[in-house]
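Residues per chain, in single letters:
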Amino acid sequence: MTVAERLDTRLAALAEISAGGPGVTRPSFGALERDAHAQVAAWAAQDGARAETDPAGNTVLIYGEGEPYLLVGSHLDSVPEGGRYDGTVGVLAGMEAAASVASELELGMRVVIFSAEEGARFGRPCLGSELATGAAPDGLLDGLRDGEGRSAADVAHESGLRPEACPPWLRAPEVAAYLEVHIEQGRVLERERVRLGVVDVIAGAARLEVELGGRPEHSGTTPMDDRLDALTAAAEVVLEVERIGREARHGVATVGRLDVHPNSVTTVPGGVRLVVDVRDVDAGRQDEAAAAVRAAITRIAGARGTPVEIRELASRAPVMLSAWPRLALAQACGEERLPFRVLPSGAGHDAAVVAHTAPSALLFVPTPNGRSHTPDEACRTEDVAVACAVVARALRRLDRDARGVADPDLTTTTPEG
Ligand code: HGY
Ligand code: MN
Ligand code: MN
């Protein structure tokens, strides 16, 4: 079986672990995410790797014992009705690369499956990697709620996890370097017909939860000039967020979730909860756009006399990835005689969180139709197989570098020649 064939088989099997409906739905911290981790751990056991799961639900597959160790990984939770490649490609590619090089390395070799990477359910992304790196503020999960009003902490506890007990285990020097393979989720590589992307900066994310109040009452008997309609106020906010995003040029601003209460055909909406997602690869611009959104919401609510509460769910700055593992990826592309492109990531990734505690890099494979977070998300497993070979080479190089072993391809001459 070729690498691409094994990837196809495993991707199809993981796509079955879903809540049903179009695409893949594997909610963060839910039972299906646990099932997917268990399935991958069973495949890893066939490679001789043992699995450990931390209290936050991050699963580590140990291909090569010992510390320090090299780490490759990604996530298996998904957005509602997402694609089968987002996150999954990085976990499976990490396993392929780890299995192929672990026995040659002096360093240890591990694959990590982060829990709750998607911000779709609770509004804040990368909860598993934040907990593993010690970046999560105390009580964080108690204050995050999903669309049904359930806290991230309760959902995690129901899945047998204890995130509040997760030790900050992911950091240098125990972790020598972290690599992640991910679909680009954009259009650049496909448009430029390049099979590999070495990411330089990962966009940040400002997430604002907005509660707009109103006066719920009969839609048939309440005069138009005597209403306090939370949804029409929210509609103004949504369009203003779009305008601010358009003006941001390099950034984006989106309202992807909006819950109306009581959401009844014959009742003037009494309340709306919506979440704003503001992103940019420049911290200053992102802060400016988030401030403009806050000001617009306050202005609109004030003009309408609508009560409003704005709560920050996340404020994550853009992250420039480490030169060392990025160079290792670039050199590995060269060894494979493969062109690559350096590009930013508009999507957030666990690599952006890990980068704060260990040298991290991110390798993209193309998204043929440029679409993601949707059932028709696409990816060519031949491209992923190529990425596996590149990551394997990069791991060998990082292993040598970390031990101060010169590159055997270079003729190292001392100053006296
Ligand atoms: O939403 C994102 O940035 C990514 O899919 N986690
Ligand atoms: Mn992802
Ligand atoms: Mn995603």
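Starting afresh in each chain, residues are numbered from 1 along the sequence in its written order. Going through the entries in the order they are written, you letter the chains from A and number the ligands from 1. Residues qualify for local features only when their pLDDT is at least 70, as the model is predicted, and side-chain atom pairs are given and counted only at 80 or more; totals for whole chains, interfaces and linings, by contrast, use all residues. Hydrogens are left out, water is left out, and the side-chain values use all remaining heavy atoms of the structure.

Some thoughts on unusual backbone geometry
Following E67, the chain continues into P68 via a peptide bond in cis, with omega recorded as -5 degrees. Runs of E in the DSSP output that reach at least two residues are strands. Runs of H or I that reach at least four are helices, and both are numbered from the N terminus. The residue P68 is located in the loop between β2 (59–64) and β3 (69–75) in this model. The omega torsion across H261 and P262 is 5 degrees, close enough to zero to call that bond cis. One non-glycine residue with positive phi stands out, namely E81, at about 55 degrees.

Thoughts on the coordination of the manganese ion (ligand 2)
Here a donor is any nitrogen, oxygen or sulfur atom (N, O, S) within 2.8 Å of the metal, with 3.2 Å used for Na, K and Ca; water is not among the atoms considered, so some sites may look incomplete. Of the protein atoms, only H75 (NE2), D86 (OD) and H182 (NE2) coordinate the manganese ion (ligand 2), at distances of 2.1 to 2.2 Å. Separation of the manganese ion (ligand 2) from the manganese ion (ligand 3) amounts to 3.5 Å, with D86 serving as a shared donor to the pair. Taken as a pair, H75 in strand β3 and H182 in strand β5 (residues 175–183) lie far apart in primary sequence, 107 residues in all.

Observations concerning the site of ligand 1
In this text, near means that some heavy atom of the residue lies within 4 Å of the molecule or strand in question. The full set of residues close to ligand 1 is D86, E117, E118, Q185, R279, A347, G348 and H373. Under this definition, polar contacts are N or O atom pairs within 3.5 Å; protein pairs additionally need one hydrogen-donor-capable and one acceptor-capable atom, and for neighbouring residues in sequence, both atoms have to be side-chain atoms. Between ligand 1 and the protein, one listed contact pairs a nitrogen atom with a side-chain N or O atom of E117 at 2.7 Å. One nitrogen or oxygen atom from the side chain of H373 is found 2.8 Å from an oxygen atom belonging to ligand 1. Only the protein chains shown count as cover for residues, with accessible areas throughout obtained via the Shrake-Rupley method and a probe of 1.4 Å. With the chains in place, 92% of the 210 Å² that ligand 1 exposes on its own is no longer accessible. Each residue gets one of three labels, nonpolar for Ala, Val, Leu, Ile, Met, Phe, Trp, Tyr, Cys and Pro, charged for Asp, Glu, Lys and Arg, and polar for the others, Gly among them. Class assignment of the residues belonging to the shell around ligand 1 gives a composition of one nonpolar, three polar and four charged.

Notes on the pattern of salt bridges
Salt bridges are identified by distance alone: a Lys or Arg side-chain nitrogen within 4 Å of an Asp or Glu carboxyl oxygen. The full count for this structure, using the stated rule, is 32 salt bridges. With a shortest N-O distance of 2.8 Å, D383 and R195 are connected by a salt bridge. With D383 in helix α11 (residues 381–402) and R195 in the loop between α6 (188–191) and β6 (197–202), the pair connects residues that are 188 residues apart, well separated along the chain. When accessible area is computed with a 1.4 Å probe and restricted to protein chains, residues below 20% of their type maximum are described as buried, those above 50% as exposed, and intermediate ones as partly exposed. In this structure D383 comes out as buried when scored by relative accessible area, which is 3%.

Description of the sheet that holds strand β7 (residues 205–213)
Taken in spatial order, the four strands make up an open sheet running β9-β11-β7-β12, and their pairing is antiparallel. On the outer flanks of this sheet lie β9 (252–261) and β12 (308–316), each paired with one strand and no other. The average angle at which neighbouring strand axes cross in this sheet is 15 degrees, direction not considered. Alignment of β7 against β12, held across eight bridges, turns out to be antiparallel. Within β12, the residue paired with A205 across the bridge is R316. Docked against the sheet, helix α7 (residues 230–247) engages β7, β9 and β11 (271–279), running at close to 170 degrees with respect to β9. Of the strands in this sheet, β7, β11 and β12 touch helix α8 (residues 283–304), which is tilted by about 5 degrees from β7. DSSP bridges decide pairing: two strands pair if at least two such bridges lie between them. For helices, the fitted axis covers only the stretch in contact; all axes are lines through C-alpha atoms, and the angles between them, taken along N-to-C directions, range from 0 to 180 degrees. Residue contacts follow a heavy-atom distance rule, with two residues in contact if any of their heavy atoms lie within 4.5 Å.

What to know about the coordination of the manganese ion (ligand 3)
Every protein donor of the manganese ion (ligand 3) is listed here as D86 (OD), E118 (OE), E118 (OE) and H373 (NE2), and their distances to the metal cover 2.1 to 2.8 Å. Mapped onto the sequence, the residues coordinating the manganese ion (ligand 3) show the spacing D-x31-E-x254-H.

Observations regarding the packing of helix α2 (residues 31–46) against helix α3 (residues 88–101)
Two elements in contact, α2 and α3, have axes whose closest approach is 11 Å; the angle formed by their N-to-C orientations is 15 degrees. One way to sum up the angle between α2 and α3 is to call them roughly parallel. For the pair α2 and α3, the crossing hand works out as right-handed. Contact with α2, carried on its side by V40, W43 and A44, involves V91, L92 and M95 of α3 and no other residues of that element. Orientation labels follow simple angle bins: below 35 degrees gives roughly parallel, above 145 gives roughly antiparallel, 65 to 115 gives roughly perpendicular, and whatever is left gives oblique. Left-handed describes a crossing whose near helix is turned anticlockwise from the far helix through less than a right angle; right-handed describes the clockwise counterpart.

Quick notes on the domain arrangement of the chain
Domain start and end points were adopted from an automatic or database domain assignment. By domain assignment, the chain separates into domain 1 (3–203 + 318–402) and domain 2 (205–316). Using C-alpha coordinates to define each centre, domain 1 is positioned 32 Å away from domain 2. Tallying the contact residues gives 23 residues for domain 1 and 14 residues for domain 2. Together domain 1 and domain 2 conceal approximately 1300 Å² of surface at their shared face, both sides included; 48% is due to carbon and sulfur atoms. On the surface where domain 1 and domain 2 come into contact, there are one salt bridge. By convention, the term buried area covers the 1.4 Å-probe accessible surface removed from two parts as they join, with the contributions of both added.

Observations concerning the packing of aromatic side chains
Working definition: an aromatic ring pair is given by the centre-to-centre distance plus the angle between the planes. Aromatic pairs are defined between Phe, Tyr and Trp rings, using the six-membered ring for Trp, whenever the two ring centres lie within 6.5 Å; interplanar angles under 30 degrees are classed as stacked, those over 60 as edge-to-face, and all others as tilted. The final tally for this structure, using the stated rule, is two aromatic pairs. When the centroid spacing of 6.3 Å and the interplanar angle of 45 degrees are considered together, the rings of F29 and F122 count as tilted. Highlighted residues: F29 in the loop between α1 (3–16) and α2 and F122 in the loop between β4 (108–114) and α4 (127–132), separated in sequence by 93 residues. Taken individually, F29 and F122 each receive the classification buried, so the pair is uniform in this respect. Here F114 and Y178 contribute two aromatic rings whose centre-to-centre distance is 5.9 Å and whose plane-to-plane angle is 65 degrees, an arrangement assigned as edge-to-face. Placement of F114 in strand β4 and of Y178 in strand β5 is noted, with a sequence separation of 64 residues between them. Note that R110 overlies the ring of Y69, its terminal NZ or CZ placed 4.0 Å from the centroid. Both a distance and an angle decide whether a charge sits over a ring: NZ of Lys or CZ of Arg must be within 6 Å of the ring centre and within 35 degrees of the ring normal.

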